[in-house]
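Fold and contact review
The residues making up each chain are set out below.
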Amino acid sequence: LVCMLLFSLLNMLDALDKADGNIALTVVAILISVVVAGLVGFVLFKALRVGAMILGSLGGFFAGVAFYNLLFFATNSLWLLIVIAVVFAIVGAFLSFKFYHQIIIFGTALIGSYCLVRGVSLLAGGYPNELFLFSELSQGLAPSVPWTFYLSLAAMGLLFVGGSIVQLRMKKKEDDENEYKAM
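Conventions used here
Residues numbered from 1 in each chain as written. Predicted model: local features only at pLDDT ≥ 70, side-chain atom pairs only at ≥ 80, totals over all residues. Heavy atoms only, no water. Helix = DSSP H or I, 4+ residues; strand = E, 2+ residues; numbered from the N terminus. Expected span 1.5 Å × (residues − 1). Buried < 20%, exposed > 50% of the residue type's maximum accessible area, 1.4 Å probe, protein only. Contact = heavy atoms within 4.5 Å. Patch = residues over 30% accessible without salt bridge, like charges linked within 9 Å, V, L, I, M, F, W, Y side chains within 5 Å. Areas by Shrake-Rupley, 256 points an atom, 1.4 Å probe, with all protein chains shown as cover. Salt bridge = Lys/Arg side-chain N within 4 Å of Asp/Glu carboxyl O. Core = buried A, V, L, I, M, F, W, Y, C linked by side-chain atoms within 4.5 Å. Phe/Tyr/Trp six-rings, centres within 6.5 Å; stacked < 30°, edge-to-face > 60°. pLDDT = per-residue confidence, 0-100. Polar contact = N/O pair within 3.5 Å; in protein donor to acceptor, adjacent residues only side chain to side chain.

**Here's the deal with helix α5 (residues 100–124)**
With 25 residues, α5 should reach 36 Å at 1.5 Å per residue; the first-to-last C-alpha distance of 36 Å fits that figure. The set of residues buried in α5 consists of Y100, I105, A109, S113, V117, R118 and S121. For α5, the elements touching its buried residues are α3 (48–71), α4 (78–98), α6 (130–138) and α7 (147–182). Residue G125 follows α5 closely and has a positive phi angle near 85 degrees.

As structure tokens, this is what we get:
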């Protein structure tokens, strides 16, 4: 849905450049995208575990595709790719339902550590563009990265561990308080 909104924005920019009258359709597409995204967001907010399962299945699907590309890419089997991706999606959905709180804790710690370090690196420099690194690696080239990149990775790791510890302690304290209130 977010992609629909972004594509609608891009089309709107094209329509504004061409001035051929497609602006009304673009505005309607944006409004529909916003309303649908709001409704889906509201439903997923009310059913957090369902939302986590959907995200877990998406994550599992992409992990399955990555697993296929890592081990079975030479087979060029579409059916094997589909089976692996679907199995990983089901496992991801199950795990995200079963370990909901842990996934939220570790996921937010990981995203937070990346965003903080990446934000600082945008100002300080020294962190190469991920797309550039991927492009070099896919061409078989050894990417040249500065020492500050490894420092950034170390900072991400420390922030991830620290954020996870803080959140796990807060969760334990919350669980203890709820257990005490239940007595």
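**Notes on a nonpolar patch on the surface**
A contiguous nonpolar patch, built from V83, V87, V91, F94, L95, F99 and I103 and spanning about 600 Å² of accessible area, is present on the exposed surface. Element by element, the count of residues in the nonpolar patch is highest for α4, at five residues. Tracing the sequence through the fold places V87 in helix α4. The partly exposed category is assigned to V87, whose relative accessible area is 44%.

**Some words on the pattern of salt bridges**
Throughout the structure, instances matching the rule amount to two salt bridges. We note a salt bridge from K171 to D175, for which the minimum N-O separation is 2.9 Å. Highlighted residues: K171 and D175, both in helix α7, separated by four residues, approximately one helical turn. Across the salt bridge formed by K172 and D176, the nearest N and O atoms sit 3.4 Å from each other. Of this pair, K172 and D176 both sit in helix α7, four residues apart, which is roughly one turn of that helix. K172 sits in the exposed class, given a relative accessible area of 52%.

**Section: the nonpolar core**
In terms of nonpolar packing, the biggest core is built from five residues, these being V117, Y127, L133, F149 and M156. The contact partners of F149, leaving out residues within four places of it in the chain, are G126, Y127, P128 and L133.

**Here's the deal with unusual backbone geometry**
Phi is positive for N76, which is not a glycine, with a value near 50 degrees. If you trace the backbone, N76 turns up in the loop between α3 and α4. Its relative accessible area of 67% is what places N76 among the exposed residues.

**Here we look at the packing of aromatic side chains**
Taken as a whole and judged by the stated rule, the model has five aromatic pairs. Look at F61 and F62: their rings are 5.4 Å apart centre to centre, the planes differ by 75 degrees, and that puts the pair in the edge-to-face class. Ring centres 6.2 Å apart and planes at 45 degrees place the aromatic pair F106 and F160 in the tilted group. Here F106, found in helix α5, pairs with F160, found in helix α7; they are 54 residues apart in sequence, far enough to count as distant. Overall, F160 belongs to the partly exposed group, its relative accessible area being 27%.

**Some points on the confidence of the model for the protein**
Of all residues in the protein, 86% attain a pLDDT of 70 or more, and the chain-wide mean is 81. Mean pLDDT across the elements of the protein ranges from a minimum in helix α1 (residues 2–18), with 52, to a maximum in α4, with 92.

**Things to note about the side chain of S164**
Relative to the elements of secondary structure, S164 occurs in helix α7. Taking relative accessible area as the criterion, S164 reaches 4% and is therefore assigned buried. Looking at S164, its side chain comes within polar contact range of the main-chain oxygen of F160, at 2.8 Å.

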